[in-house]
Amino acid sequence: DAKTTQPPSMDCAEGRAANLPCNHSTISGNEYVYWYRQIHSQGPQYIIHGLKNNETNEMASLIITEDRKSSTLILPHATLRDTAVYYCIVRPVYSSASKIIFGSGTRLSIRP
Amino acid sequence: DTAVSQTPKYLVTQMGNDKSIKCEQNLGHDTMYWYKQDSKKFLKIMFSYNNKELIINETVPNRFSPKSPDKAHLNLHINSLELGDSAVYFCASSRPETSGLNYEQYFGPGTRLTVT
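Now for a description of the structure that goes with this document. (Residues numbered from 1 in each chain as written. Chains lettered and ligands numbered in written order. Predicted model: local features only at pLDDT ≥ 70, side-chain atom pairs only at ≥ 80, totals over all residues. Heavy atoms only, no water.)

1. Structural notes on the nonpolar core
Residues and elements named next belong to chain A. Residues Leu20, Trp35, Leu73, Leu75, Tyr86 and Leu108 are the most contacted members of the largest nonpolar core, which totals 21 residues. Only β2 (18–23), β3 (31–38), β4 (45–50), β6 (61–64), β7 (70–75), β8 (84–92) and β9 (106–111) provide two or more residues apiece to this core. Take this core: its biggest share by element is four residues, from β8. In this view, Leu108 contacts Met10, Asp11, Cys12, Ala18, Leu20, Leu75, Asp82, Thr83, Ala84 and Tyr86; residues no more than four positions away in its chain are not counted. (Core = buried A, V, L, I, M, F, W, Y, C linked by side-chain atoms within 4.5 Å. Buried < 20%, exposed > 50% of the residue type's maximum accessible area, 1.4 Å probe, protein only. Helix = DSSP H or I, 4+ residues; strand = E, 2+ residues; numbered from the N terminus. Contact = heavy atoms within 4.5 Å.)

2. Overview of the interface of chain A and chain B
Listed as interface residues are 24 residues of chain A and, on the opposing side, 23 residues of chain B. Both faces combined, the contact of chain A with chain B buries some 1,900 Å², and carbon together with sulfur accounts for 51% of it. Our count for the contact surface shared by chain A and chain B stands at zero salt bridges. Applying the counting rule to chain A against chain B returns three residue pairs in polar contact (both at pLDDT 80 or more). At the level of secondary structure, the elements contributing two or more residues to the side of chain A that touches chain B comprise β3, β4 and β8 of chain A. If you tally residues by element for the side of chain A that touches chain B, the top one is β3(A), at four residues. Class assignment for the residues of the side of chain A that touches chain B results in 12 nonpolar, 10 polar and two charged. (Buried area = accessible area lost by both parts, 1.4 Å probe. Salt bridge = Lys/Arg side-chain N within 4 Å of Asp/Glu carboxyl O. Polar contact = N/O pair within 3.5 Å; in protein donor to acceptor, adjacent residues only side chain to side chain. Nonpolar A, V, L, I, M, F, W, Y, C, P; charged D, E, K, R; others polar.)

3. Brief notes about the pattern of salt bridges
Counting across every chain of the model gives six salt bridges over all chains. The residue A:Arg37 makes a salt bridge to A:Asp82 at a minimum N-O spacing of 2.8 Å. In this pair, A:Arg37 is assigned in strand β3 and A:Asp82 in the loop between β7 and β8, connecting sequence segments 45 residues apart. Among the salt bridges present, the one from B:Asp30 reaches B:Lys71, with a minimum N-O distance of 2.9 Å. With B:Asp30 in the loop between β3 (19–25) and β4 (31–37) and B:Lys71 in the loop between β7 (64–70) and β8 (73–78), the pair connects residues that are 41 residues apart, well separated along the chain. The partly exposed category is assigned to B:Lys71, whose relative accessible area is 39%. Salt bridges sharing partners connect three or more residues here, namely B:Arg63, B:Glu82 and B:Asp85.

Here it is in structure tokens:
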């Protein structure tokens, strides 16, 4: 049972920043926020994760609110290849059972 | 330099048959998983193995039997295939969890199983 809420779809112009929101109001202090994406007909791809500080890597930035109840994934310069379903996931930092529970995600369409 | 590979990519078979899907990872990970993505695109965990030992079994029918000959391989064998088994099956792997920490998972390209 997914513990996150995401808009079902969004679109963004190529070259602009894509900002994907996620609500996780019941997140606990020992749970990460993870983002994955699934490009059509491919396996899910890890993007980024964070606990409470903002994070940045070569793919994206993750902004987590101070109360940790929501976050935003930012793709700084979206390209057509970023068209995918984006999943926001909450996972325990420590767990003996490390399954990922996927929700329905946000379908991001990048328009030329 | 494929990290997680699966074979075959497509599998079409008839009801009642037995089939296997193979998964291999060259990342040196100790933990491997099988996920199922149904026609509505929901991804669900099926199994997880840590260093060849089963640690998650999400009430999957016992017609599904994962086999891990070594920590780089986790194969999925399915007996008596049913129409409802049609789906895309993804294998994944992650770093060792001996400390209990969760790490990101790396997924294979998927195997599309069609049962007719």
